[in-house]
Amino acid sequence: MLKKILIVLLVLIASPFIAALFIEQDYAVDTQVTINKPVEQVFDYVRLLKNQDNFSVWSSMDTAMVKTYKGVDGSVGFVSAWKSDNPDVGQGEQEIMAIVPGKRIDYDLRFISPFEAVSPAYLTTSAISEGQTEVHWGFSGHMDYPMNILLPLMKVDQVIAQDLQQGLENLKQILESQ
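I'd like a rundown of the side chain of Asp62, residues and numbers included.
Mapped onto the elements, Asp62 comes out in the loop between helix 3 (52–55) and strand 2 (66–70). Within the buried core, Asp62 has no salt-bridge partner, and the shortest N-O distance to an opposite charge, that of Lys67, equals 8.9 Å. There is a polar contact of 2.8 Å between the side chain of Asp62 and the backbone nitrogen of Ala64. Reaching out from Asp62, the side chain makes a polar contact with the side chain of Ser84 at a distance of 2.3 Å. Not counting residues within four places of it along the chain, the set of residues in contact with Asp62 comprises Ser84, Asp85, Asn86 and Val89.

I'd love a proper account of the sheet that holds strand 1 (residues 26–35), names of residues and values included.
What the seven strands build is an open sheet, ordered 1-7-6-5-4-3-2; its pairing is antiparallel. Every interior strand has two partners, whereas the edge strands, strand 1 and strand 2, have only one. For this sheet the average axis-to-axis angle between neighbouring strands, irrespective of direction, equals 20 degrees. Bridge analysis of strand 4 (residues 91–100) against strand 5 (residues 104–113) gives nine bridges, and the strand direction is antiparallel. Within strand 5, the position partnered with Gly92 by the bridge is Phe111. Contacts from helix 2 (residues 39–46) reach strand 1, strand 4, strand 5, strand 6 (117–129) and strand 7 (132–142), with the element oriented near 160 degrees to strand 6. Together, strand 1, strand 6 and strand 7 form the strand contacts of helix 5 (residues 156–176), whose direction differs from that of strand 1 by roughly 20 degrees.

Cut-offs and rules
Residues numbered from 1 in each chain as written. Predicted model: local features only at pLDDT ≥ 70, side-chain atom pairs only at ≥ 80, totals over all residues. Heavy atoms only, no water. Helix = DSSP H or I, 4+ residues; strand = E, 2+ residues; numbered from the N terminus. Buried < 20%, exposed > 50% of the residue type's maximum accessible area, 1.4 Å probe, protein only. Lys, Arg positive; Asp, Glu negative; His and termini not counted. Salt bridge = Lys/Arg side-chain N within 4 Å of Asp/Glu carboxyl O. Polar contact = N/O pair within 3.5 Å; in protein donor to acceptor, adjacent residues only side chain to side chain. Contact = heavy atoms within 4.5 Å. Pairing = 2+ DSSP bridges. Axes fitted to C-alpha atoms, helices over the stretch in contact; angles between N-to-C directions.

Written as structure tokens, this is what we have:
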């Protein structure tokens, strides 16, 4: 009887590790919104990382977080860093890695705590018409084995997509009210 109990316990303990072998470690999210403003105006706003404080859901999670900046905002190499006692916010920074004027900004999000990770992200703008712009906000990430078992359990991609979409809706409201 003891042998059967040990086998059952071993199977229960090993199951998540075996399942994690078959779960993707990478995820990617892309959200979009149409803003009734010209592409130049939209891009000029989103290329400035400091403006994310106005529309990003993550920036509003802790109004007491400490923010620091290095470099010239809106240019390659600019770094926006944050530090918060709120474990949902933690500490990290984002750096502009590349800019295609009027079209795309790529940046790296570097999370320091409560966990370490580097996740590439981007914002793109494209003209639909003279007064309408489609904006995409994308993010990708990676979770090493065996932590990747949390991806489907916590629905990480859906949570991030929801936050990015809310940020884009906030951006739309800000720009269209100007």
